[in-house]
Amino acid sequence: MNRKNLFFAALALALLATVPFFTSNSYYVHMIETIMIYAILLFGLDIVVGYTGQVSLGHAGLFGVGSYTTGVLFMKMGAPLWLIIPSSIAVTAGFGALLALPALRVTGPYLAMVTLAFGTIIQILINEMTFLTEGPLGIKIPKPSLFGSQLDEKGFYWLVLALMALSLVVVHRILRSQLGRAFEALRGSPVASDCMGVSVYRYKVYAFVISAGFAGLAGCLYSYSEQYISPNTYNFELTVLFLLAVIMGGRKSRLGSLLGATIIVMLPLLLDDLGIFRIVASSIAVLMLVGGAVGVVKKITTPRAMAIPIVGTLALAAFSFWLDSITDWRLSIFGLMILFVVYYLQDGIVGFVRGLLLRRLTASEYGIELSDAAAAKDAVRVAGGALAQGDDLLVARQVLMQFGGLKALNNVDLRIQRGSIHGLIGPNGSGKSTMMNVLTGIYVPTAGSIEFAGRSVVGRTSSDIALSGIARTFQNVQLFGEMTTLQNIQVGLHHSFDSNILDVALHSPRYLREDRLATERGLGLLRFVGLAELATEDARNLPYGKQRLLEIARALALDPQLLLLDEPAAGLTAPDIVELIAIIRKIRDHGITVILIEHHMDVVMELCDTVSVLDFGQKIAEGKPAEVQADEKVIEAYLGGTAA
Ligand code: ADP
Ligand code: MG
């Protein structure tokens, strides 16, 4: 967080802290308290929904687990607050791990359904396990004691405020760390995450567990806040409301979570009181009009795109004045608002405003010193240092890869000499990319063996293989689009972090050191491929050729012994290709072995020490580039095939 934001956050917190002095009406204090409690849950839900891109309809259930852990511990044991808070967090985090299990197997609508079932089962369990939870009767809980004295309304409000602020800091730190980058990478490209050594499997579980921990804390505070809990609070409606809050407020934003929490707490009030509804509907219409005008002037959006939302909000405002009573219309208005958000505010309110302000964060706002790049002279490294050249780094024997009846690889042998650039060529569909996918664990070969640096690759996970020293790029670029170029590379540097979640939350010296090194090294790698100036640009905004270079830099971040490049020159302009050739040479000179799939024959001829030729999944030739080029079978394969 930069200084300005920090200042505003501190100011806002200070203002919130004074609320109990301004009003003697405990109704408002309680309302803000509820908003803050929901915000804690939404910070966590945003990790799953906003960052990893999974859907969870199980969070009301997790909220319930947190509440009931508190209720039961108090009722059965009279446990004190300092014990109840960590227990509620821990128990709920455990349930989060359970919820993560389906997330590993299914995605999209199926995941939504499974998490919904999870939430429902929790609610039923709370209802039925009367011996523990008192069932539908519910549990009464007084306000907790702190340092020997029982907290009153105000005291508890400040406790909630303090814990909300603490959660905000911790979540923010987690999401800005290597953990947050891992979560975000999952959403951007699961395949690329795995191939950068960031196990999709592990980090999905991790995201759900952390997220559940916050739901547990929120549930705990909710019990004390309401002083009475019963099963039907934690229902379907609440879970949908939570999801809506994250989306409406704006995903990947703490401010969005706070805004979302405010909306879902205020919405019922808003839809109860016609006077307030009129004010709010008119304000939204005015905001939309101004926002739309700014957007059009700044050429972010077109008048046409803005027409419907502006007319819609104006109509809603007019409608609010035409209405005599709001009660009959509550659900319809609620439904309309959801539709509006889904169609026009896909990035939420915060995202919408950010879009209008539209500017790239400067390096210093990201906390980056561009001069750091100079500090990392040895940006390109090989794990264990460059080893003796000449022996075989990778040996594949009789590799068979069958898709149904198709033999994409038909008993291929391949030996890659350490320190060489090994070309892999052949007509389209001859099995080159399949070979890379087999080498990196994306496919498990039907038969055959692959040894890399003396160890078998077959059957190991992609992330494990990546960490053992094989890095790659993809034929169809697989970047983490919503992350900056520097962050993309830092995902590749994930292996250089030993710090755990505690280090991250406390900003321990170990974490700070690792984080600084990762920034320097990341900038060094960006400089290596000539992208240092674009450190804070989102990867998706880069031109195609630069995206390919970024992918190479990200792969280098793994400190690989072997680098697989799948058609790196495809779609590049001639000057870009010249630059690419120089970069690949430099990579080899650093002692990294390269397998190069390429259609541009001049690139292959210029760079490769050895070339293997595939055709219909079989190796038909191998040797020095010039020999292979003169080979009868190769010429025939290319002439018979589509393109060279
Ligand atoms: P290349 O990279 O040499 O152009 P590929 O390795 O991508 O070729 O493809 C080789 C053959 O394997 C093609 O016929 C392709 O359709 C097939 N293939 C590749 N991946 C799959 C898959 N996951 N399922 C079915 N067929 C596949
Ligand atoms: Mg291919």
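Residues numbered from 1 in each chain as written. Chains lettered and ligands numbered in written order. Predicted model: local features only at pLDDT ≥ 70, side-chain atom pairs only at ≥ 80, totals over all residues. Heavy atoms only, no water.

### Some points on the packing of aromatic side chains
Thinking step 1. Using the criterion set out here, one finds 17 aromatic pairs in the structure.
Thinking step 2. The interplanar angle of 75° and the centroid separation of 6.5 Å between the aromatic rings of Tyr222 and Tyr234 together place this pair among those described as edge-to-face. Of this pair, Tyr222 sits in helix α10 (residues 200-226) while Tyr234 sits in the loop between β4 (228-229) and α11 (236-249); the two residues are 12 residues apart in sequence, bridging distant segments of the chain. There is no split in this pair, since Tyr222 and Tyr234 are both buried. (Phe/Tyr/Trp six-rings, centres within 6.5 Å; stacked < 30°, edge-to-face > 60°. Helix = DSSP H or I, 4+ residues; strand = E, 2+ residues; numbered from the N terminus. Buried < 20%, exposed > 50% of the residue type's maximum accessible area, 1.4 Å probe, protein only.)

### Re the coordination of the magnesium ion (ligand 2)
Tetrahedral coordination by four donors puts the ideal angle at the metal at 109.5 degrees, and octahedral coordination by six puts it at 90 or 180 degrees.
Thinking step 1. Ligation of the magnesium ion (ligand 2) by protein atoms is provided by Ser433 (OG) and Gln475 (OE1), these donors lying 2.0 Å from the ion. Pair noted here: Ser433 is in helix α18 (residues 432-439) and Gln475 is in the loop between β10 (470-472) and α20 (485-492), with a separation of 42 residues, a long-range link.
Thinking step 2. Overall, the relative accessible area of 22% leaves Ser433 in the partly exposed class.
Thinking step 3. The exposure class of Gln475 is partly exposed, given its relative accessible area of 34%. (Donors = N, O, S within 2.8 Å, 3.2 Å for Na, K, Ca; no water.)

### Overview of unusual backbone geometry
Thinking step 1. The phi angle at Lys252 is positive, at roughly 60°, despite the residue not being glycine.
Thinking step 2. Along the chain, the position of Lys252 falls in the loop between α11 and α12 (254-270).
Thinking step 3. Even without being glycine, Phe616 reaches a positive phi, approximately 45°.
Thinking step 4. With respect to the helices and strands, the residue Phe616 is situated in the loop between β13 (610-615) and β14 (618-623).

### Looking at the site of ligand 1
Thinking step 1. Surrounding ligand 1, one finds Phe403, Leu406, Ala408, Pro427, Asn428, Gly429, Ser430, Gly431, Lys432, Ser433, Thr434 and Tyr443.
Thinking step 2. Here an oxygen atom of ligand 1 and a backbone polar atom of Gly429 are 2.8 Å apart.
Thinking step 3. One nitrogen or oxygen atom from the main chain of Lys432 is found 2.8 Å from an oxygen atom belonging to ligand 1.
Thinking step 4. For the shell around ligand 1, the elements supplying multiple residues, two or more each, are β6 (406-417) and α18.
Thinking step 5. Looking at the shell around ligand 1 element by element, the count peaks at 3 residues for α18.
Thinking step 6. Counted by class, the shell around ligand 1 contains 5 nonpolar, 6 polar and 1 charged residues. (Near = heavy atom within 4 Å. Polar contact = N/O pair within 3.5 Å; in protein donor to acceptor, adjacent residues only side chain to side chain. Nonpolar A, V, L, I, M, F, W, Y, C, P; charged D, E, K, R; others polar.)

### Quick look at the environment of Phe497
Thinking step 1. Tracing the backbone shows Phe497 in the loop between α20 and α21 (501-506).
Thinking step 2. Separated by 30 residues in the primary sequence, Phe497 and Leu467 have C-alpha atoms spaced 13 Å apart.
Thinking step 3. Residues contacting Phe497, with those up to four places away along its chain left out, are Gln178, Arg181, Tyr511, Glu514, Asp515 and Ala518. (Contact = heavy atoms within 4.5 Å.)

### Side note on the packing of helix α3 (residues 59-77) against α10
Thinking step 1. It is at 7 Å that the axes of α3 and α10 come closest, and there the two elements cross at 55°. Here α10 runs oblique to α3, going by the angle between their axes. Crossing of α3 over α10 shows right-handed handedness. Across the interface between the two elements, His59, Leu62, Phe63, Gly66, Ser67 and Thr70 of α3 pack against Ser211, Ala212, Ala215, Gly216, Ala218, Gly219, Cys220, Tyr222, Ser223 and Tyr224 of α10.
Thinking step 2. Looking at side-chain class alone, the contact of α3 with α10 contains 8 nonpolar, 8 polar and no charged residues. (Axes fitted to C-alpha atoms, helices over the stretch in contact; angles between N-to-C directions. Parallel < 35°, antiparallel > 145°, perpendicular 65-115°, else oblique. Left-handed = near helix turned anticlockwise from the far one by under 90°.)

### Let's talk about the nonpolar core
Thinking step 1. Counting residues in hydrophobic clusters, the biggest one holds 148 residues, and the most contacted among them are Tyr38, Phe63, Phe183, Phe242, Leu556, Ile587 and Leu596.
Thinking step 2. When sequence neighbours within four positions are dropped, the list of residues in contact with Leu556 reads Val380, Arg521, Leu525, Phe528, Leu563, Ile587 and Ile592.
Thinking step 3. With 24 residues, the next largest nonpolar core counts Val412, Ile416, Ile465 and Ile470 among its residues. (Core = buried A, V, L, I, M, F, W, Y, C linked by side-chain atoms within 4.5 Å.)

### What to know about α3
Thinking step 1. Given a rise of 1.5 Å per residue, 19 residues ought to cover 27 Å, and the 26 Å separating the end C-alpha atoms of α3 matches this to within 8%.
Thinking step 2. Of all 19 residues in α3, 15 are buried, a share of seventy percent or more. (Expected span 1.5 Å × (residues − 1).)

### Remarks on the domain arrangement of the protein chain
Many descriptions give the size of an interface as the accessible area lost when the pieces come together.
Thinking step 1. Taken domain by domain, the protein chain consists of domain 1 (3-234), domain 2 (255-358), domain 3 (368-383 + 480-560) and domain 4 (387-468 + 567-644).
Thinking step 2. Distance from the C-alpha centre of domain 1 to the C-alpha centre of domain 3: 32 Å.
Thinking step 3. Of the residues lining the interface, 22 residues belong to domain 1; the matching set on domain 3 comes to 20 residues.
Thinking step 4. On the domain 1 side of the interface with domain 3, the three residues burying the most area are Gln178, Arg181 and Met196, jointly 40% of the side's total.
Thinking step 5. For the interface between domain 1 and domain 3, the tally reads 0 salt bridges.
Thinking step 6. Summed over the shared surface of domain 1 and domain 3, the result is 5 residue pairs in polar contact (both at pLDDT 80 or more).
Thinking step 7. Elements represented by at least two residues in the side of domain 1 that touches domain 3 include exactly α7 (153-176), α8 (178-188), α9 (190-195) and α10.
Thinking step 8. Top element by residues in the side of domain 1 that touches domain 3 is α8. It accounts for 8 residues. (Domains from an automatic or database assignment. Buried area = accessible area lost by both parts, 1.4 Å probe. Salt bridge = Lys/Arg side-chain N within 4 Å of Asp/Glu carboxyl O.)

### Remarks on the pattern of salt bridges
Thinking step 1. Tallied over the full model, the rule gives 15 salt bridges.
Thinking step 2. For Glu482, the salt bridge identified is with Arg251, shortest N-O distance 3.0 Å. Taken together, the positions of Glu482 in the loop between β10 and α20 and Arg251 in the loop between α11 and α12 put the pair 231 residues apart, joining distant regions of the chain.
Thinking step 3. Glu482 gets classed as partly exposed once you look at its relative accessible area, which sits at 26%.
Thinking step 4. As a salt-bridge pair, Lys252 and Glu482 come within 2.6 Å of each other at their nearest N and O atoms. Highlighted residues: Lys252 in the loop between α11 and α12 and Glu482 in the loop between β10 and α20, separated in sequence by 230 residues.
Thinking step 5. Classification of Lys252 by relative accessible area gives buried; the value is 16%.

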